[in-house]
Amino acid sequence: MNNRLVKEYVRAVCELNPKAFVMENVAMLRSQVHRFMVDESDIHDERIMNLNLSDDKVEILPSKSMFEGALEFVKNNQMDSGVAWAEPFYKVINLLYRYRINREKFNSSLEKYGKKLKDQLNEIIKLYKDDRPLIAIHQNDVHMAKEILKYMENNEDFDAVISAIEIPLFMQRAILRMKELSDNNIHVYSYCEENSGIVAMVKSYAVKDYIHCILGNEPYNYEITENTLNAIDYGAPQRRERFIIVGIKRELNVHYLAPAKEYSEGEYRTVHDAIADIQDIKPSTSVDAGYAELEPHPYATGLEKELRGKLLYNHVTTDTRETALSRFRALKEGQNFHDLDSKLKTTYSNAERTQNTIYMRLKYNEPCGTVVNVRKSMWIHPELDRTISIREAARLQTFPDSFVFEGAKDSQYQQIGNAVPPFLARAIAKSVVTILDHVDS
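Thresholds, definitions, all that
- Residues numbered from 1 in each chain as written.
- Predicted model: local features only at pLDDT ≥ 70, side-chain atom pairs only at ≥ 80, totals over all residues.
- Heavy atoms only, no water.
- Helix = DSSP H or I, 4+ residues; strand = E, 2+ residues; numbered from the N terminus.
- Areas by Shrake-Rupley, 256 points an atom, 1.4 Å probe, with all protein chains shown as cover.
- Lys, Arg positive; Asp, Glu negative; His and termini not counted.
- Charge placed at Lys NZ, Arg CZ, Asp CG, Glu CD.
- Polar contact = N/O pair within 3.5 Å; in protein donor to acceptor, adjacent residues only side chain to side chain.
- Buried < 20%, exposed > 50% of the residue type's maximum accessible area, 1.4 Å probe, protein only.
- Pairing = 2+ DSSP bridges.
- Phe/Tyr/Trp six-rings, centres within 6.5 Å; stacked < 30°, edge-to-face > 60°.
- Lys NZ or Arg CZ within 6 Å of the ring centre and 35° of its normal.
- Salt bridge = Lys/Arg side-chain N within 4 Å of Asp/Glu carboxyl O.

> How should I be thinking about the overall build of the protein in this particular structure?
The helix and strand tally for the protein stands at 15 helices and 9 strands. Its C-alpha atoms give the protein principal-axis dimensions of about 85 × 60 × 35 Å. For the protein, the accessible area works out to roughly 23500 Å², and carbon and sulfur atoms hold 48% of it. Positive and negative side-chain charges of the protein, numbering 57 and 65 respectively, have mean locations separated by a distance of 3 Å.

Below, the structure is given as structure tokens:
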């Protein structure tokens, strides 16, 4: 979405024109990596066009999927000329191609979607069966349809069916990429061939430069300060770097200072500090399960004292299948998917590309890494053979038990993974309030 939310945030600051603002994002935002592509509205904005613009390229079609007439098709932008597949059909073909290195999963997917897919493939052949000349993209679609149907009949020549899928699928990806550029109003300077493929020539500018350009100058005049802060330094039991931009009106004649670190190496909170006190409480697998009552812990200290409530909501985990359970049992603290025996990796199409955060068993006596959607990553409890519950993930983020999450299970996990740890947010808020109180006093 071309970092659209950043621009919407800047727009909100411009319209509200507050004394101060705080903006949070990943630490990488401070680099030149995060960029906006020049869009049609930017072309008429001198402030933006005077920024340090880079010539960039967006790959539209890779060389291995080129065909005669592809460049002309792209230049003419024929997205609405009846060549785009319906989304459900695209998803099935894309799934089949994804399993090009795992024939067993390819076959099982083909069997799952076989009846409807067969009808759709026959429809493609029927549509272009007459004697009229076909453009190359239609020829490729027909060839793909025939090869998949042939494979469904005899289950032979797997390489041929994968090869037949490749060119039409990548053409559909090209159509989707062009649509994305169009939907986001990106100014494409030209389409051209490069390295035997097709690229869109665009220009871009750094997100950070945009923020300084718009908010740091007239008429808004914010003094902008940048800091990379780690949640672990403010009491969270996880290493999570975030890029914090704070703007203070220059007319206030004050300088912002980032909050001082509250913890250092050797003092950091751990996973044990965050969740050990609820280890013996059995989680539910349903978000409708209600809550458990917690007994008072009068001698609780540290994180337990700060987070523990009287009622335990959202102590909910994934209903785990036997395949996942066998992986849980095999992993020790600190290990992940890559430490499993190869026999336990067979359900993955490309096990080597799996991230190190997948099937990670947390270490009790250390902080954890950045909390993400731990359901998708299948984070494992340090001692129990189950996934981390919604509430345990929330505690790792430093949400107190009194904060109740709503929505579907995956939504609750995602809300937590997307959040700024409250302890970090509190430290930043205090640092800004201290300045505003000083100005108003």
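> Which parts of the structure should I look at to understand the side chain of arginine 308?
Among the secondary structure elements, arginine 308 is positioned in the loop between α10 (302–307) and β9 (311–313). From its side chain, arginine 308 meets the backbone oxygen of glutamate 295 in a polar contact 2.8 Å long.

> I keep staring at the pairing of strand β5 (residues 197–206) and nothing clicks. Help me out?
Regular strands show a simple pattern: their side chains alternate between the two faces of the sheet. Most of β5 is tucked away: 8 of the 10 residues are buried. Sheet topology note: the strand β2 (residues 35–37)/β5 ladder contains 3 bridges and is antiparallel. Paired with methionine 37 across the strands is serine 204, a residue of β5. Taken together, the 7 bridges between strand β3 (residues 54–61) and β5 define a ladder with antiparallel strand orientation. Note on β5: the bridge partner recorded for lysine 57 is methionine 201. Two elements, strand β4 (residues 190–194) and β5, share 5 bridges in a ladder whose sense is antiparallel. Residue glutamate 194 lies in a different strand from β5, and its bridge partner there is glycine 197. Linkage of β4 to β5, two consecutive antiparallel strands, is achieved through a turn of 2 residues, within which asparagine 195 is found at a positive phi near 50°.

> Looking at this structure, I do not really get the packing of aromatic side chains. What am I missing?
If you walk through the whole model with that rule in mind, you get 16 aromatic pairs. For the ring pair tyrosine 9 and phenylalanine 21, a centre distance of 6.4 Å and an interplane angle of 65° mean the geometry is edge-to-face. Of the two residues, tyrosine 9 sits in helix α1 (residues 4–16) while phenylalanine 21 sits in strand β1 (residues 20–26), which places them 12 residues apart along the sequence. Summarising the aromatic geometry, the rings of tyrosine 151 and phenylalanine 158 are spaced 6.0 Å apart at their centres and angled 50° between planes, so their arrangement reads as tilted. With relative accessibility at 3%, the residue tyrosine 151 sits in the buried group. Here the aromatic residues Tyr9, Phe21 and Tyr222 are joined through ring pairs into a cluster of three or more. Cation over ring: lysine 7 sits above tyrosine 210, and NZ or CZ is 5.6 Å from the ring centre.

> It is not clear to me how the pattern of salt bridges should be interpreted in this structure. Could you clarify?
Here the idea is simple: oppositely charged side chains can pair when their charged atoms come close. This model, assessed by the stated rule, comprises 26 salt bridges. A salt bridge links glutamate 322 to arginine 329; the nearest nitrogen and oxygen atoms lie 3.0 Å apart. For glutamate 322, a relative accessible area of 51% puts it in the exposed group. By relative accessible area, arginine 329 is classed as partly exposed at 49%. Aspartate 410 is paired through a salt bridge with arginine 375; the nearest N and O atoms lie 3.9 Å apart. With aspartate 410 in helix α14 (residues 409–418) and arginine 375 in helix α12 (residues 374–377), this residue pair connects regions lying 35 residues apart in the sequence. For aspartate 410, a relative accessible area of 27% gives the class partly exposed. When salt bridges with common partners are traced through the structure, they connect Asp277, Arg308, Arg395 and Asp401 into a single cluster.

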